[in-house]
Amino acid sequence: MEKQEPVIRVIDLKKKFGDRQILSGINLDIHKGEIFVIMGGSGCGKSTLLRHLIGALTPDEGSVYLLGQDISKLNEDQMDPIRKKIGMSYQGSALFDSMTVGENVSLPLREHTKLDPNVISIMVKMKLELVGLRGFENLMPSQLSGGMKKRVGISRAFAMDPEIVFYDEPTAGLDPIVTAVMDKLIVDLSKALSVTSVVVTHDMNSVFRIADRIAMLYEGRVVEVGTRDEIRNSKNPYVQQFVSGSPDGPIKFFQQKDDYLETLTA
Amino acid sequence: MQIKVEDKNTVTICYVTGDIDINTAPDIKKTFDRVIQGKKPKVLVNFQSVNYVDSSGLATLVEFLKNIRAYGGKLKLCTMSPKIKSLFEITKLDRLFEIAPAEGDAVTSFA
């Protein structure tokens, strides 16, 4: 049987901010229908990688193929039809505080389609049902808990029936029970609606609950890609340290440079 | 996408061909609205030539049902592919709509 083309393919992606090399040659294939987790410590480049995957940043070198198209070569107009096929759930939910829950969820539909308002209103109920928040349409974001806001953000990410949904730190700042609920929601939605899910997180409990495959990033490189079991049993010392959460190991949390005293007196 | 409406005896049948999605749902709604204006009492949507339905398509059908019920009419759906039928099941809409396996079954069940 012929192997399916990946829905996302990253080839030798490099990115610098100023003199700082953030991504140093990332290669990844993400397949249709899988839950793919990108994990790594703070500053490892995972959020920068995510921003390339959704077309918010352009690579210095390399390519990002999304649904078969090299998005690094597309202009804004050409990106538009692709953006309609992806959904994004932001770390801070990114809800508009001045809009109701219903208005937040319906925003992409009102902006990008010619659907009748009555049809949109029914769709909002359906999308909120997906995340267990039907009946909350008329509340304001300020009247919701952190976990509920995240669920509204996910509901909005699904508004346009995307083929791929990206989640940026979906469980950051949530208590353990709400975290488990969010994890289950991501798995249930991915499987029920057959979408490809790309999740950026450093929450190891979540990683091992939701991932079909995992990529670990360190200093702008992919150090390993594997299934949950492969990552859990990895011999790679970077992966072992991250999974165990140990302060000792090859992953450095502080810059150790010899020129500290010189810089103080310069 | 194409939509054709035919009256067969007392049943008004909407034959949809192609996808019912964000791009085509507004046009399908226009046709549905004409059926509603005619206050047709027995309406059937035939899915035999429908390849794909997205959530805007589902919502358009729900709105159609709501408007038909408002004047006391009945709406049924028929001849869905297993893939589309499972979409109705996932979204629990199979409990809202009467879905018949074939057009003949649906027409008979109106009587």
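The shown structure was predicted, so the numbers you read here are calculated from the model rather than taken from an experiment. (Residues numbered from 1 in each chain as written. Chains lettered and ligands numbered in written order. Predicted model: local features only at pLDDT ≥ 70, side-chain atom pairs only at ≥ 80, totals over all residues. Heavy atoms only, no water.)

All names here are of chain A. A complete count under the given rule lists 23 salt bridges over all chains for this structure. One salt bridge in this structure joins Glu34 and Arg213, with 2.9 Å as the shortest N-O distance. Of this pair, Glu34 sits in the loop between β2 (20-30) and β3 (35-39) while Arg213 is found in strand β9 (residues 213-218), placing the two residues 179 residues apart along the sequence. When the shortest N-O distance is used, the salt bridge between Lys127 and Asp161 registers 2.6 Å. Of this pair, Lys127 sits in helix α4 (residues 117-130) while Asp161 is found in the loop between α5 (146-157) and β7 (164-168), placing the two residues 34 residues apart along the sequence. Lys127 sits in the buried class, given a relative accessible area of 4%. (Salt bridge = Lys/Arg side-chain N within 4 Å of Asp/Glu carboxyl O. Helix = DSSP H or I, 4+ residues; strand = E, 2+ residues; numbered from the N terminus. Buried < 20%, exposed > 50% of the residue type's maximum accessible area, 1.4 Å probe, protein only.)

The partner chain A presents 17 residues to the 15 residues of chain B that form the contact. The junction of chain B with chain A conceals about 1,200 Å² of combined surface from both sides, 73% of it contributed by carbon and sulfur atoms. Broken down residue by residue, the surface that chain B buries against chain A is led by B:Ile22, B:Ser55 and B:Ala59, which jointly contribute 39%. There are one salt bridge connecting chain B and chain A. Between A:Glu129 and B:Lys92 there is a salt bridge whose closest N-O contact spans 2.9 Å. Applying the counting criterion to the chain B and chain A interface returns four residue pairs in polar contact (both at pLDDT 80 or more). Residue assignment for the side of chain B that touches chain A shows that the elements contributing at least two residues are α1 (25-37) and α2 (55-70) of chain B. Per-class residue counts for the side of chain B that touches chain A are eight nonpolar, three polar and four charged. (Contact = heavy atoms within 4.5 Å. Buried area = accessible area lost by both parts, 1.4 Å probe. Polar contact = N/O pair within 3.5 Å; in protein donor to acceptor, adjacent residues only side chain to side chain. Nonpolar A, V, L, I, M, F, W, Y, C, P; charged D, E, K, R; others polar.)

Turning our attention to the sheet that holds β9(A). Residues and elements named next belong to chain A. Taken in spatial order, the six strands line up as β6-β7-β8-β3-β9-β10 in an open sheet, and their pairing is mixed. Taken across any chain shown, the strands that pair with only one partner, and hence form the sheet edges, are β6 (86-89) and β10 (221-226). When the angles between neighbouring strand axes are averaged without regard to direction, this sheet yields 15°. In this structure, β6 lies alongside β7, joined through four bridges in parallel fashion. Its bridge partner being in β7, Ile86 is matched across the sheet by Ile164. Contacting β3, β7 and β8 (196-201), helix α6 (residues 176-192) crosses the sheet at an angle of about 140° to β3. (Pairing = 2+ DSSP bridges. Axes fitted to C-alpha atoms, helices over the stretch in contact; angles between N-to-C directions.)

Right, let's get into the pairing of β8(A). Residue and element names in this part refer to chain A. Most of β8 sits inside the fold, with six of its six residues counted as buried. Every second residue of β8 is oriented toward a common face, with Thr196, Val198 and Val200 on one face and Ser197, Val199 and Thr201 on the other, all of them buried. In terms of strand pairing, β3 meets β8 through five bridges, oriented parallel. By the bridge assignment for β8, Ile35 is matched with Ser197. Assessed by its sense of winding, the connection that carries the chain from β7 through α6 to β8 is right-handed. (Right-handed = clockwise from strand over helix to strand, strands pointing away.)

What follows concerns the environment of A:Leu67. All names here are of chain A. Checked against the element boundaries, Leu67 lands in the loop between β4 (61-66) and β5 (69-70). Through-space distance from the C-alpha of Leu67 to that of Ile8 is 6.2 Å; in sequence the pair is 59 residues apart. Aside from chain neighbours lying at most four places away, what touches Leu67 is Val7, Lys85, Glu163 and Ile164.

Residue and element names in this part refer to chain A. Partitioning chain A into structural domains gives domain 1 (1-85 + 163-186 + 193-266) and domain 2 (93-161). The gap between the C-alpha centroids of domain 1 and domain 2 is 27 Å. Facing the 14 residues of domain 1 at the interface are twelve residues of domain 2. Here domain 1 meets domain 2 over a buried area of about 1,000 Å², counting both sides, of which 75% is carbon and sulfur. Contact with domain 2 buries area across many residues of domain 1, yet Lys84, Met182 and Leu185 alone supply 41% of it, more than any other trio. Our enumeration of links across domain 1 and domain 2 arrives at two residue pairs in polar contact (both at pLDDT 80 or more). Mapped by element, the contributors of at least two residues to the side of domain 1 that touches domain 2 are β7 and α6. Looking at the side of domain 1 that touches domain 2 residue by residue, the classes come out as ten nonpolar, one polar and three charged. (Domains from an automatic or database assignment.)

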